[in-house]
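One letter stands for each residue in the lines below.
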Amino acid sequence: MKEKEFLDWLIKSGQQENSAGSVLSRVKRIEEVYPDLDSRIEDNSIEPLLNVFIYTKKDESKKRIPLHKIEIKGNQYNVTQSLRTALVQYIEFVRSYKVNMSESGDSDTQDTESILTPIPYESIYKVNEFEAWLPENGVSSAKQYISNLRRLGGFLSIKANGVSALEYVSRLMSEDKQALAFELLENMENKLSGLLTSASFSSEWRHDISNWRSGLRKYVYFLQDNSEETPDEEELEEAHTHIPAVEVADGDVEDSDNGEKISYSVEELKKNFAFRLTTQNRMSNDKDIYYPISIIRKLFCYSQRKGKKTSTPNRDYDWFKNWIDDYTEEIKVIVCDKGDKSYPLSGVRSLVLYPATDNVYVHLSDTNGDIRVYTHTHDGKTEPMKVTSLRNIHIDHTPLMAKVLSDNIASTPAIDALSKEIKSVAKAKRIDIMPANFGKISKLLFTDAEYVNSHLVPLIPALKDELNILRNKCTLTLMQASHNLKKK
């Protein structure tokens, strides 16, 4: 056990010395009965041990004996919970270290402790970048959000290995697995929303979990805005089927996500759908022209952040974000069983999901009460929308973007030129051209700064005009995912 390093880590993480010493003492008590904690953590066999420290209020009321073998003098529930919390913190500590093999020389002859380097929480939560990103009261707001996120990190863990859910997200981002990271973040948000409205939810946790969810949502927006590589919609759909289970680490809260309802404000909807719109890469069905919106987003971002500096500030990425925001506000929400009445997203105050019944409602700016949401079906009919999560609501292009691309190729020469660049790179690297591979192609396109500046950046002025052309040719409507997938 790395006693000194763990103690230092706890103190640097913000705990007082006496509190940190108490946590260390609890972990030492655990290791006396269950030796080789480090090995269990490093080979991902720690979960069975974590499970023996699960002891709920129901267990306490029925006077059940805890599963662990540590002798307890005092309240069984309180002591068991404190032991589990300490173990979770130690797991987070051990997993925040990495072995730097490239700098350690011969790893067989080196002392293991000498080649371990800490990954501070500032890096896990991107503290400095987060502070700079927040538009107002950056430092103070960021510190509060980070505090909420760190507490959330000890509250939600990945069921497969007991690691903090947010640390797992950080590792996914560093491993270039953005699609899985963003899907996991959405799953975490749904877990918190479910707890807030669960009938079995303990009222004393409500304020804390609400703050944690607020911090999580703000953090997601920050990551979306600062991630250069945006996953394709198909990657997100694929990742959604592989999300590791998220569990509540504290036994005082029943691990249930079957809340009565999940509510999203219009601003939260706009943020979520804006991200979706930047992942909807499309291809023409019969011509070699593409709608590589994630690559266009990256190009605008590159131009503003890394492009040629001039006396006039470059605002290309700001233009793109405003364009996406305006486009998002135009998304139609159907509120009539005949499908002939709808409201733009800008006219919606909130959207409410009822997971138990799959029903979806909106609160409109000019009416009171719940209004039922409807969806077009793949065969052209209209029926009540039935979903359990925001992920199951798609943004439908009508007509399909594939047809719009084909019909307007003469009006979109810059998009045609970008498509040819994509095709050339894909052919050279023997990559199949499909939306799910645009992420790989994007990395290759942006490898050479000189190439980007000479071949891609000059397309930006025309791309702005052509994005508006395509926007005016399509209507966006919220649609139940199961019907949208059949339509495609």
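Scroll up to find the structure.
Trainee: Account for the pattern of salt bridges, with residues named and values stated.
Mentor: Tallying each qualifying case throughout the model produces 21 salt bridges. Residue E3 pairs with K28 through a salt bridge whose shortest N-O separation is 3.7 Å. In this pair, E3 sits in helix α1 (residues 3-12) while K28 sits in helix α2 (residues 17-33), placing the two residues 25 residues apart along the sequence. Accessibility expressed as a relative area gives 35% for E3, which makes it partly exposed. For K28, a relative accessible area of 33% corresponds to the partly exposed category. The salt bridge partner of E189 is R217, with a shortest N-O separation of 2.4 Å. Of this pair, E189 sits in helix α12 (residues 178-197) while R217 sits in helix α13 (residues 206-226), and the two are 28 residues apart along the sequence. R217 carries the same exposure label as E189, and that label is buried.

Trainee: Any details on the layout of surface pockets? Residues and values, ideally.
Mentor: Rolled over the atoms, a probe with the dimensions of a water molecule shows which regions are left empty. Considered as a void within the structure, the largest pocket measures approximately 740 Å³ in volume. Forming the walls of the largest pocket are 25 residues, and the residues nearest its centre are W133, Y221, D225, K271 and D325. Tallying contributions element by element places α13 first for the lining of the largest pocket, with 8 residues. Residue composition of the lining of the largest pocket, grouped by class: 9 nonpolar, 5 polar and 11 charged.

Trainee: Just give me the short version of the packing of aromatic side chains, but keep the residues and values in it.
Mentor: Overall, the coordinates contain 20 aromatic pairs when judged by the stated rule. Consider the rings of Y90 and F93, whose centres lie 5.5 Å apart with planes at 40°: the pair is tilted. Of the two residues, Y90 and F93 are both situated in helix α6 (residues 76-95); the distance of 3 residues between them amounts to about one turn of the helix. As far as the burial class goes, Y90 and F93 line up, both buried. Ring centres of F130 and Y219 lie 5.6 Å apart, and the angle between their planes is 75°; this geometry places the pair in the edge-to-face category. Here the residue F130 occupies a position in helix α9 (residues 127-133), and Y219 occupies one in helix α13, the gap between them amounting to 89 residues. A single burial state applies to F130 and to Y219, both of which are buried. An aromatic cluster is defined as three or more aromatic residues linked by ring pairs; in this entry it consists of F130, W133, Y145, Y219 and F222. It is K271 that lies over the ring of Y221; its NZ or CZ is 5.5 Å from the centre.

Trainee: Explain empty space enclosed by the protein to me, and be specific about the residues and the numbers.
Mentor: The final tally for this structure, using the stated rule, is 4 cavities of 30 Å³ or more. Considered as a void within the structure, the largest cavity measures approximately 260 Å³ in volume. As for the largest cavity, its lining consists of 16 residues, of which E186, V220, Y221, Q224 and N272 are closest to the centre. Listing elements by their share of the lining of the largest cavity, those giving two or more residues are α12, α13 and α15 (266-277). The dominant element in the lining of the largest cavity, judged by the number of residues it contributes, is α12, at 5 residues. Its residues assigned to classes, the lining of the largest cavity comprises 7 nonpolar, 2 polar and 7 charged. Each pocket or cavity is described by its volume, and for the second largest cavity that value is around 40 Å³. E183, E186, N187, N190, H240, I243, S389 and R391 are the residues that line the second largest cavity. The dominant element in the lining of the second largest cavity, judged by the number of residues it contributes, is α12, at 4 residues. Across the lining of the second largest cavity, the residue classes tally to 1 nonpolar, 4 polar and 3 charged.

Trainee: An account of the nonpolar core is needed here, citing residue identities and associated values.
Mentor: One finds Y291, F320, L351 and L478 to be the most contacted residues of the largest nonpolar core, which totals 64 residues. Considering every element that reaches this core, the biggest residue donor is helix α16 (residues 293-305), with 7 residues. The next biggest cluster of nonpolar side chains, apart from the first, holds 39 residues, and it includes L149, A165, L185 and Y219.

Trainee: How would you summarise helix α21 (residues 449-456) if you had to cite specific residues and measurements?
Mentor: Of all the positions in α21, only Y451, V452 and L456 are classed as buried. Buried residues of α21, viewed axially, fall in a sector of 100°; they line one side. Elements in contact with the buried residues of α21: α16, α19 (413-428), α20 (438-445) and α22 (460-473). The opening residue of α21, the one whose side-chain oxygen lies 3.0 Å from the backbone nitrogen of E450, is D448.

Trainee: Please give an account of the packing of α16 against helix α17 (residues 316-329) that cites residues and values.
Mentor: For the pair α16 and α17, interaxial distance at closest approach is 6 Å and the crossing angle is 140°. Note on element contacts: α17 touches α16 through D316, Y317, D318, W319, F320 and W323, opposite I293, I296, R297, F300, C301, S303, Q304 and R305. Here the residues of the contact of α16 with α17 sort into 8 nonpolar, 2 polar and 4 charged.

Trainee: Could you give an account of the side chain of T377, naming the residues involved and the relevant values?
Mentor: Inspection of the secondary structure assignment puts T377 in the loop between β13 (374-376) and β14 (382-384). Since its relative accessible area comes to 6%, T377 is described here as buried. Beyond its immediate chain neighbours, meaning those up to four positions away, T377 contacts E383, M479 and H483.

Trainee: Residues and numbers for the sheet that holds strand β5 (residues 262-265), please.
Mentor: The strand order across the open sheet built from 4 strands is β5-β10-β11-β12, with neighbouring strands paired in antiparallel fashion. The open sheet has two free edges, formed respectively by β5 and β12 (371-372), since each of these has just one partner strand. Alignment of strand β11 (residues 359-364) against β12, held across 2 bridges, turns out to be antiparallel. Counted as the bridge partner of V362 is I371 from β12. Running over the sheet, α15 touches β5 and β10 (348-354) and is turned about 85° from β5.

Trainee: Can you break down the pairing of β5 residue by residue, with the values?
Mentor: Taking every second residue as pointing to the same face, the buried face of β5 carries I262 and Y264, while none of S263 and S265 on the other face is buried. Relative to β10, β5 runs antiparallel, the two being bridged by 4 bridges. The residue bridging I262 from the neighbouring strand is L353, located in β10.

The rules behind each value
Residues numbered from 1 in each chain as written. Predicted model: local features only at pLDDT ≥ 70, side-chain atom pairs only at ≥ 80, totals over all residues. Heavy atoms only, no water. Salt bridge = Lys/Arg side-chain N within 4 Å of Asp/Glu carboxyl O. Helix = DSSP H or I, 4+ residues; strand = E, 2+ residues; numbered from the N terminus. Buried < 20%, exposed > 50% of the residue type's maximum accessible area, 1.4 Å probe, protein only. 1 Å grid on protein atoms, 1.4 Å probe; cavity = no way out; pocket = protein on both sides within 12 Å on 5 of 7 lines; lining within 4 Å. Points joined across faces, edges and corners; volume = space filled by probe spheres on them. Nonpolar A, V, L, I, M, F, W, Y, C, P; charged D, E, K, R; others polar. Phe/Tyr/Trp six-rings, centres within 6.5 Å; stacked < 30°, edge-to-face > 60°. Lys NZ or Arg CZ within 6 Å of the ring centre and 35° of its normal. Core = buried A, V, L, I, M, F, W, Y, C linked by side-chain atoms within 4.5 Å. Arc of directions from axis to C-beta. Contact = heavy atoms within 4.5 Å. Polar contact = N/O pair within 3.5 Å; in protein donor to acceptor, adjacent residues only side chain to side chain. Axes fitted to C-alpha atoms, helices over the stretch in contact; angles between N-to-C directions. Pairing = 2+ DSSP bridges.

Limitation: the analysis is restricted to geometry and does not speak to function.
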